[in-house]
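Each chain, letter by letter, is given below.
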Amino acid sequence: MKLFLSMCTALALSSLTAFAQQEQFSSAQIAYDAGRYAEAVLLYEKILDQGIANPEVHYNIANAYFKDSDLPKAVWHYQKAWYEMPRDPDVKANLHFALNAAGAIEAKPAFTERLLCSLSKSEWIIAATAGYLLLILLLLLLQVKTSRRLVVKLCLVPLGIILLSTFGWLRWNQLQTHPDWVVVKTEATALFGPVKGSTAHFKIPIGALVRQRSIDPKGWVEVEYDGKQGWLETEYISRISP
Amino acid sequence: MRNSSLLILCSIFALAGTARAADVQMSIEPQLISLLDRAVLKVEFINASGKALDIPQVDGLNIQYRGQSSETSIVNMKRTSKVVHTYLVTPSKVGDFTIGPVTAQYKGGDKELSAQLRVIKPRDDKEAQAISELMYSQISSDREAPHVQEPFGLTLKVFIRDGVQIDGNFSIRGGMPENGMDGELQWEIVNRTRQEINGTIFGVYTLVSTAKTLTAGTFTFQPQVQMNVIIPRQNRRSYGFDDPFFGDFFGRQETRPIVLDCNRLEVNVRAVPVTGRPDSFTGGIGIFGFNVEVGPKEVKAGEPITVKMRISGKGNLSQITPPQIEESHDFKLYDARTVATDNPNEICFEQVLIPKSDSVTNVPPIKFSYFNTKTTDFRTISQGPFPVQVEAAPQQAAQVIATVPSTIQQETKILGRDIVYLKPAPDHWKNESDLNWYRKPLMRILLALPLLLLILVTGGTARKNKLANNVALARRQKAPKAARKQVQLAEQSMRKQDESAFYEALWNALAEYFGHRLNLAPGEVSLQAVLSSFSDAEEDLRALFSVVEQRRYGIQSEQENSKDEMKSLLHKLTATLKACERIKV
């Protein structure tokens, strides 16, 4: 009885929370539609502060930031949404639009990069799991009197899926070591070395996306932008990927 | 007698326990040394404990703390304990020196301590007044005011007066700029000569290195060259109880590390100007040449053309990024990559570009701009245009290329005039842990289950196949089960008081168990056949077989109560079969 009651309480609480989040989401949309972008940002931020990580929230808050003329934060949230919805045309279009508005140059990914980014990390894991289950199923089939040759040939399909998924997973895992950063300050100039007063190499516009190459413990990050590498102080950039 | 011995012993210990008064003393040994020798300074806390003293610097002496030791002695029935702090004193010039006064605190109060040391000229060289006259180093630069990232040469000369023996090893410890240098300096001995300076012959070692800075400003170089001087050990003794520089195997010489004096070199590094920097500047600082090769020169549309760009000369080659080829709708450009080259004074980049149509007649000019450190201005070297002959591609390929929009067209299409509108609320609210569902332990367990199933099924199938191919093994597995079945029948018969059925079941239990166990045909089960494999249970088996057979053929027992006998027989059968089950055949 006690267990039933506690389960009912938990269910009711979660429904209430979900309802409150739904309310905030709707209010934020109303504020956005009314042109009160700062208010919309605040409402979306509240949802995110509750630990909600739906890419839709990141996308919408990015839109609100964009309209509120905060390009770096807009790009930050668009990119965050893109990690979870890499094929979503709206996310891609808006990120592209925001980067263009910032005057930033977008990286041109190679074919393999595009292929591996066609699924999100979770999707690659689902694909790998499906491949794994299919492989187990086929191996179970091998125990039964069936055409062994055909089954062995069929095993190549899940093996291929697992292999491709591993590469996809590794691609996303690279973000741990080479995370994406967004430039949050104007006059960001990448230098040739991780020392103040080092020779200026190239300028990066505010709102541009850069990829980390290496890091210096004294507060410098070697970034790659438009095919060039240079050192930026961390105060100029904000880390996006985990 | 026994009491008097005890009294004497107690008196001895009591006297030994009488300690001297607390004191602190400073001593130096020896008090007279030559310039290349060393002395040991000791601060002794007698019957007291004390920390190491901070000995003030004395011009011409280098005083290094070496450690602490303690000792206890009993002299004339008086116990003395000491805490000794030891310092190694190395002179750098001749003269009379006073070490201290320094105040030592101990339990008896404060005491001022000092020690005297006389340093005389070395026996081998009566002229030298200081070590810096015997050996020293000089550093110089080949550039007065280099630019940032511009490599410049440093030369370090080590002068050693003729007659001074060294072990030939140099180490450079510190004295270099801490910030702004691009990597650590690597020194290399390039020359060793003899040179006369003011009428004295010196052996001169020349070391060179190349420095490069990341920032502009004044960089000070005053390297501390440490080398080991070999000193004959005659009339000397080794003072270093923890001195790592021991003499040779026979103790005839000792090695003494010496840090040489060196001049102070200040290099003013200039910044690369920002004004007048061309767009095609890719970080090159120095004096360079630029050469471009393009090939093949006759291609079909859609086929790659390789552009090889070589930058050679003196400067920061490793920091130069590839020169940019002007973006054009006529070409598809791939990223440039660095190609390995045998020439250390050269860097080579390779970039692939693909002409999109046969209207292309040349590869556009490629510019390389660098900062010339000699003329202190930016120079641009332009190569090209490079004529190429592009033929039309076969129809199919041409169509493919034609459908690929250029980057700019694509942008125009995608961008529109505003961002895409908001997304509707999600069906389910997810938090961070929901997004990382694959990290949950339950997920790992669920993933392990199919594998477990596979292992179980594979194992089961393998066992089944094995039993199918091995009849003896299969029958062996069946034996206990078959026997159990017959034992159950016997129990039922016993309850019904059906003696013939009971004994028949007992016989069947024996026959089926041993038939399966020994892989025998039904009629082949006999006591002899069974005993040949189960000799350990011979007695029980004989009795069991005999009784069961007798009862089957109607020979009654002498016992009046047949039910008791049946019970006993059934029990014996079960026990015997269990015992046989444990016997390996």
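Provided above is the structure to which this section pertains.
1. Things to note about the overall build of chain B
When its secondary structure is counted, chain B shows 11 helices and 27 strands. The buried share of chain B, reckoned over its 585 residues, is 39%. A fraction of 70% describes how many contacts in chain B between residues 6 or more apart in sequence connect residues 24 or more apart. Carbon and sulfur atoms provide 49% of the accessible area of chain B, an area that totals close to 34,100 Å².

2. Some remarks on the packing of helix α8 (residues 499-517) of chain B against helix α10 (residues 538-552) of chain B
Helix packing for two helices is described by the angle between their axes and how far apart those axes are. All names here are of chain B. At a minimum axis separation of 9 Å, α8 and α10 run at an interaxial angle of 135°. One way to sum up the angle between α8 and α10 is to call them oblique. In this structure, the crossing between α8 and α10 has a hand that is left-handed. In this structure, α8 contributes Y503, E504, L506, W507, L510 and F514 to the contact, and α10 contributes L541, L544, F545, V548, E549, R551 and R552.

3. Focus on the interface of chain A and chain B
If you look at the interface, chain A gives 55 residues, while chain B gives 46 residues. The contact between chain A and chain B buries some 4,400 Å² in all, and 65% of this surface belongs to carbon and sulfur atoms. Its largest share of buried area at the contact with chain B, chain A owes to F97(A), Q143(A) and F192(A), together 14% of the area lost on that side. Our enumeration of links across chain A and chain B arrives at 2 salt bridges. The partner of D90(A) in a salt bridge is K423(B), and the shortest N-O contact between them spans 3.1 Å. At the boundary of chain A with chain B, the tally comes to 15 residue pairs in polar contact (both at pLDDT 80 or more). Sorting the residues of the side of chain A that touches chain B by element identifies α1 (2-33), α2 (37-49), α3 (55-67), α4 (71-84), α5 (89-102), α7 (121-143) and β3 (200-204) of chain A as the ones contributing at least two each.

4. Looking at the packing of aromatic side chains
Across all of its chains, the model carries 26 aromatic pairs over all chains by this definition. Aromatic side chains Y32(A) and Y37(A) sit 5.3 Å apart centroid to centroid with 70° between the ring planes, which places their arrangement in the edge-to-face category. The class for Y37(A) is partly exposed, based on a relative accessible area of 22%. On the basis of an interplanar angle of 80° and a centroid distance of 6.4 Å, the ring pair of F152(B) and F221(B) is categorised as edge-to-face. Of the two residues, F152(B) is situated in strand β9 (residues 152-161) and F221(B) in strand β13 (residues 217-221); the sequence distance between them amounts to 69 residues. Of the two residues, F152(B) and F221(B), neither departs from the other in class, the shared state being buried.

5. Regarding the side chain of T461(B)
Structurally, T461(B) is set in helix α6 (residues 441-469). Looking at T461(B), the relative accessible area reads 19%, which means it is buried.

6. Quick look at the pairing of β9(B)
Residue and element names in this part refer to chain B. The buried count for β9 comes to 8 of 10 residues, which makes it a mostly enclosed element. Direction of pairing for strand β8 (residues 135-141) relative to β9: antiparallel, over a ladder of 7 bridges. Along β9, the bridge assignment pairs S141 with L154. Here β9 runs beside strand β12 (residues 200-211); their pairing, made up of 10 bridges, is antiparallel. Its bridge partner being in β12, T155 is matched across the sheet by V208.

7. A short note on the environment of A505(B)
Here A505(B) lies in helix α8. Using a relative accessible area of 4% as the deciding quantity, one classes A505(B) as buried.

8. A word on the sheet that holds strand β6 (residues 95-106) of chain B
All names here are of chain B. Strand order in the open sheet formed by 3 strands is β2-β7-β6, with mixed pairing between adjacent strands. Each end of this open sheet is capped by a strand with a single partner; those strands are β2 (32-34) and β6. Direction aside, neighbouring strands of the sheet carry axes that sit 30° apart on average. For β6 and strand β7 (residues 109-120), the ladder comprises 10 bridges, and the chain directions are antiparallel. Considered in β7, the bridge of Q105 is made with D110.

9. What to know about the environment of E187(A)
Assignment of secondary structure puts E187(A) in the loop between β1 (180-183) and β2 (188-191). In this structure, E187(A) is in contact with K203(A) and Y236(A), ignoring residues within four places of it in sequence.

10. Some thoughts on a nonpolar patch on the surface
Residue and element names in this part refer to chain A. Where nonpolar side chains cluster on the molecular surface, the patch consists of L134, L137, L150, L154, V157 and I161 and spans about 490 Å² of accessible area. Counting only elements with at least two residues in the nonpolar patch, the list comes to α7 and α8 (148-177). Considering every element that reaches the nonpolar patch, the biggest residue donor is α8, with 4 residues. Following the sequence through the fold, L154 ends up in helix α8.

11. Brief notes about α10(B)
Residues and elements named next belong to chain B. Along its 15 residues, α10 runs 21 Å from first to last C-alpha, staying within 8% of the 21 Å computed at 1.5 Å per residue. Within the span of α10, buried status applies to L541, L544, F545, V548 and R551. One side of α10 holds all its buried residues, which, seen down the axis, span an arc of 140°. On its buried side, α10 packs onto α8, α9 (527-533) and α11 (562-582).

12. Comments concerning the nonpolar core
Counting residues in each nonpolar core, the largest one holds 59 residues, and the members touching the most others are M135(B) and F221(B). Residue assignment places this core across two domains, with domain 1 (16-120) and domain 2 (131-268) of chain B each supplying three or more. Non-local contacts of M135(B), meaning those with residues more than four positions away in its chain, are made with F159(B), I160(B), V164(B), M227(B), V229(B), I258(B) and L260(B). With 57 residues, the next largest nonpolar core counts A102(A), A188(A), V210(A) and L232(A) among its residues.

13. Considering α6(B)
In this model, α6(B) (29 residues) spans 42 Å end to end at C-alpha, consistent with the 42 Å of a helix rising 1.5 Å per residue. Of all the positions in α6(B), only M443(B), P450(B), L454(B) and T461(B) are classed as buried. Residues of α6(B) that are buried make contact with α7 of chain A.

14. Considerations on the packing of α7(A) against α8(A)
All names here are of chain A. Closest axis-to-axis distance for the α7/α8 pair is 8 Å, and the angle between their directions is 160°. Judged by the angle between their axes, α7 and α8 are roughly antiparallel. Two packed elements cross with a definite hand, and for α7 against α8 that hand is left-handed. Among the residues making up the contact of α7 with α8, the classes are represented as 21 nonpolar, 5 polar and 2 charged.

Cut-off values and rules
- Residues numbered from 1 in each chain as written.
- Chains lettered and ligands numbered in written order.
- Predicted model: local features only at pLDDT ≥ 70, side-chain atom pairs only at ≥ 80, totals over all residues.
- Heavy atoms only, no water.
- Helix = DSSP H or I, 4+ residues; strand = E, 2+ residues; numbered from the N terminus.
- Buried < 20%, exposed > 50% of the residue type's maximum accessible area, 1.4 Å probe, protein only.
- Contact = heavy atoms within 4.5 Å.
- Areas by Shrake-Rupley, 256 points an atom, 1.4 Å probe, with all protein chains shown as cover.
- Axes fitted to C-alpha atoms, helices over the stretch in contact; angles between N-to-C directions.
- Parallel < 35°, antiparallel > 145°, perpendicular 65-115°, else oblique.
- Left-handed = near helix turned anticlockwise from the far one by under 90°.
- Buried area = accessible area lost by both parts, 1.4 Å probe.
- Salt bridge = Lys/Arg side-chain N within 4 Å of Asp/Glu carboxyl O.
- Polar contact = N/O pair within 3.5 Å; in protein donor to acceptor, adjacent residues only side chain to side chain.
- Phe/Tyr/Trp six-rings, centres within 6.5 Å; stacked < 30°, edge-to-face > 60°.
- Pairing = 2+ DSSP bridges.
- Patch = residues over 30% accessible without salt bridge, like charges linked within 9 Å, V, L, I, M, F, W, Y side chains within 5 Å.
- Expected span 1.5 Å × (residues − 1).
- Arc of directions from axis to C-beta.
- Core = buried A, V, L, I, M, F, W, Y, C linked by side-chain atoms within 4.5 Å.
- Domains from an automatic or database assignment.
- Nonpolar A, V, L, I, M, F, W, Y, C, P; charged D, E, K, R; others polar.

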